Amino acid sequence: MSPAIRCREITKFFWVKNSGNGIKKRLLPLSGKKKMLTAVNALDLEVPKGEIFGIVGPNGSGKSTLVRLISTLLLPDIGQIEVFGHDVVKQRLRVRRMINRVSVDAAFFKKLSCWENLSYAARLYGVPVREAREKAVEILERFGFHGDRINQPMENLSRGMQQMVAIARAYFTAPILLLLDEPTTGLDPKSKRQVQEFVLQVRENHDSTVLITTHDMDEADRICDRVAIIDRGRFVALDTPENLKSQVRGERKEVSLEDVFMELTGRDWENEE
Amino acid sequence: MSQATAEMKSLYAFVERNFNLVKRYLGWEIVFMVYNIVNALTIGFIGVTQGKETVLYLVVGAMIWGFLSILFHEVSESVSWERWEGTIEYTFMAPVHRFTHLAGMCLYAIIYGIIRTIVLLGAVVIFFSLSLENANFLAALVILVVSSFSFIGLGLIAAVLPLMSPEKGSQATHIFQALLLLISGVYYETSILPSWIRPLSVVSPATYTLRSMRAALLEGRPLAEMLGTLLFLLATGFLLIPLGVFIFHQAEIYAKKSGKLKRSG
Ligand SMILES: Nc1ncnc2c1ncn2[C@@H]1O[C@H](COP(=O)(O)OP(=O)(O)O)[C@@H](O)[C@H]1O
Ligand SMILES: [Mg+2]
């Protein structure tokens, strides 16, 4: 059977304005020209069905770019990506029916109510509207979300709650591959926990596959079967959290994934960008 | 569920979503509506001293321009709007044909434009106690429908600009719209335009819409007399819509190659 995700030598460039600092700009008039930035650099990846696969890395390391490439929102410059054996470029509609993505910024119509946003999603994904409502309410109540808040405008909800709604929205379309791009960044510890529990449950009950990116090494450690550490568009390590830690353990008793990152890249985790 | 009904349902997703937005931004809707009505009235009053004919001439211009610019604006700004809301990626990764997406936006624009125009018509009729005994309403309706296609085509082509350039695309569509207003003879005959700009009026579909609309409403001309113009408008629509869809598709590929769809997050 085809794996949930298969990436072969996937590479993505962007042309970005060369910001340059003041002096450099004055000395080199051409430094205002565009330069090429390699956001994702020849990545190979295979995620089997049913896995919770984590990608951790500092800001700007290419996590979101990789997720967008898988979710048909960006076209790769080199390489090929398949989702359950379907090419994301040539068979994008097939792929779109199998996936859903939650991004770090909850993508909602701010003035529309929670339910109006959800019913838009239900219609787009062909989920019967009544069924969608039942499912959404059930999920949201599990998150401690009072049922009648569903008719409130999104802008009245806290960020944590918006993120819960985003997850509910992704989930009721029953994707077999769920792409979560930093779903817990900026959430309070309690909401963070809830999201993590939910991800574990989704896998349990619906044998879907989950790709989750995160800035939080402990989170990856806690919920992921395997973790890839990404730095400047390349994987510097890919294994189970346990194996990654034992790689660098040495004399120490306690090691974290942060230690792994520092050991492998020679750089400090938190000081990135 | 068959493929066709599935696509029809997702088409409705866009119509429903946009009417929900109208509801939630009701304050602004009222502002635009009032502005629209006042604008048409002030233009109508310019003609009062010159008789009912002139008033009608001007008011028809204001109404038709209102309708066509709603069509153009709703379609061409749909990309900028979703970019502003932050939903553009969500909409673009939905399992819906792009054609269905665009058709949904156009269908909404037509329904919304008709509603706004009817409200405007009501206000105008009350203020100027216009008599439309001579008018050929059937012809007017046919002209409106036929012209819609070409304006939607133009809107689709213009919608590409915000897709390709998040920074400047939307400005460009506004300038384009303003230019159409200048050259299409909305409040005057195109023959009074300076000769160097006059040729442009020939290529604007709105020129033909306005001309035949006035013939139908002011002079009560029968449809048969306008057949040539109607066919021309229809042909323009049937050329511009597929062209618009095609260009939109190319622009989407460009945006996904260059990372213009969205960057942050
Ligand atoms: N659409 C885009 N246009 C230009 N540069 C981009 C775009 N998206 C990402 N980048 C750049 O690519 C690099 C990786 O970004 P991203 O994938 O968002 O990282 P992460 O999600 O790990 O923080 C960054 O340097 C970022 O500035
Ligand atoms: Mg990111």
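Since we're looking at a predicted model, the values are computed, not measured.

**Description of the overall build of chain A**
Link 1 in the chain: The number of helices and strands found in chain A is 10 helices and 10 strands.
Link 2 in the chain: A compact globule built from 273 residues would reach a C-alpha radius of gyration of about 19 Å, and chain A, at 20 Å, matches this within 12%.
Link 3 in the chain: If one aligns the C-alpha atoms of chain A with their principal axes, the spans along those axes are about 60 × 50 × 40 Å.
Link 4 in the chain: When burial is assessed residue by residue, chain A has 53% of its 273 residues classed as buried.
Link 5 in the chain: Of the contacts formed within chain A by residues at least 6 apart in sequence, a portion of 70% connects residues at least 24 apart.
Link 6 in the chain: Carbon and sulfur atoms form 48% of the exposed surface of chain A, whose accessible area is close to 12200 Å².

**As for the sheet that holds strand β6 (residues 99-102) of chain A**
All names here are of chain A.
Link 1 in the chain: In space, the six strands of this open sheet follow the order β6-β7-β8-β3-β9-β10, with mixed pairing throughout. Of all the strands in the sheet, just β6 and β10 (234-239) have a single pairing partner and so form its edges. Averaged over all neighbouring strand pairs, the angle between strand axes comes to 15°, with direction disregarded.
Link 2 in the chain: Of the strand pairs in this sheet, β6 and strand β7 (residues 177-181) are connected by four bridges, and their pairing is parallel. Note on β7: the bridge partner recorded for Asn100 is Leu178.
Link 3 in the chain: In this fold helix α9 (residues 241-249) packs onto β9 (226-231) and β10, with an angle of close to 105° to the strand it touches most, β10.

**Considering the side chain of B:Arg214**
Residues and elements named next belong to chain B.
Link 1 in the chain: By secondary structure assignment, the location of Arg214 is in helix α10 (residues 205-218).
Link 2 in the chain: Side-chain polar atoms of Arg214 contact the backbone oxygen of Gly185, separated by 3.2 Å.
Link 3 in the chain: Filtering out sequence-adjacent residues up to four positions away, Arg214 remains in contact with Tyr57, Val60, Gly61, Gly185, Val186, Tyr187 and Glu219.

**Let's talk about the interface of chain B and chain A**
Link 1 in the chain: Tallying the contact residues gives 42 residues for chain B and 40 residues for chain A.
Link 2 in the chain: Across the chain B to chain A interface the summed buried area is about 3600 Å²; carbon plus sulfur atoms make up 56%.
Link 3 in the chain: The tally of links from chain B across to chain A stands at eight salt bridges.
Link 4 in the chain: We note a salt bridge from B:Glu89 to A:Arg68, for which the minimum N-O separation is 2.6 Å.

**Points about the pairing of β7(A)**
Residue and element names in this part refer to chain A.
Link 1 in the chain: Of all five residues making up β7, five are buried, and the element is well covered by its neighbours.
Link 2 in the chain: Residues Leu177, Leu179 and Asp181 point to one face of β7 and Leu178 and Leu180 to the other, with burial holding for every one of them.
Link 3 in the chain: After leaving β7, the chain enters helix α7 (residues 189-206) and then returns to the sheet as strand β8 (residues 209-214), a path that is right-handed.

Analysis parameters
Residues numbered from 1 in each chain as written. Chains lettered and ligands numbered in written order. Predicted model: local features only at pLDDT ≥ 70, side-chain atom pairs only at ≥ 80, totals over all residues. Heavy atoms only, no water. Helix = DSSP H or I, 4+ residues; strand = E, 2+ residues; numbered from the N terminus. Rg over C-alpha atoms; globule rule 2.2 N^0.38 Å. Buried < 20%, exposed > 50% of the residue type's maximum accessible area, 1.4 Å probe, protein only. Contact = heavy atoms within 4.5 Å. Areas by Shrake-Rupley, 256 points an atom, 1.4 Å probe, with all protein chains shown as cover. Pairing = 2+ DSSP bridges. Axes fitted to C-alpha atoms, helices over the stretch in contact; angles between N-to-C directions. Polar contact = N/O pair within 3.5 Å; in protein donor to acceptor, adjacent residues only side chain to side chain. Buried area = accessible area lost by both parts, 1.4 Å probe. Salt bridge = Lys/Arg side-chain N within 4 Å of Asp/Glu carboxyl O. Right-handed = clockwise from strand over helix to strand, strands pointing away.

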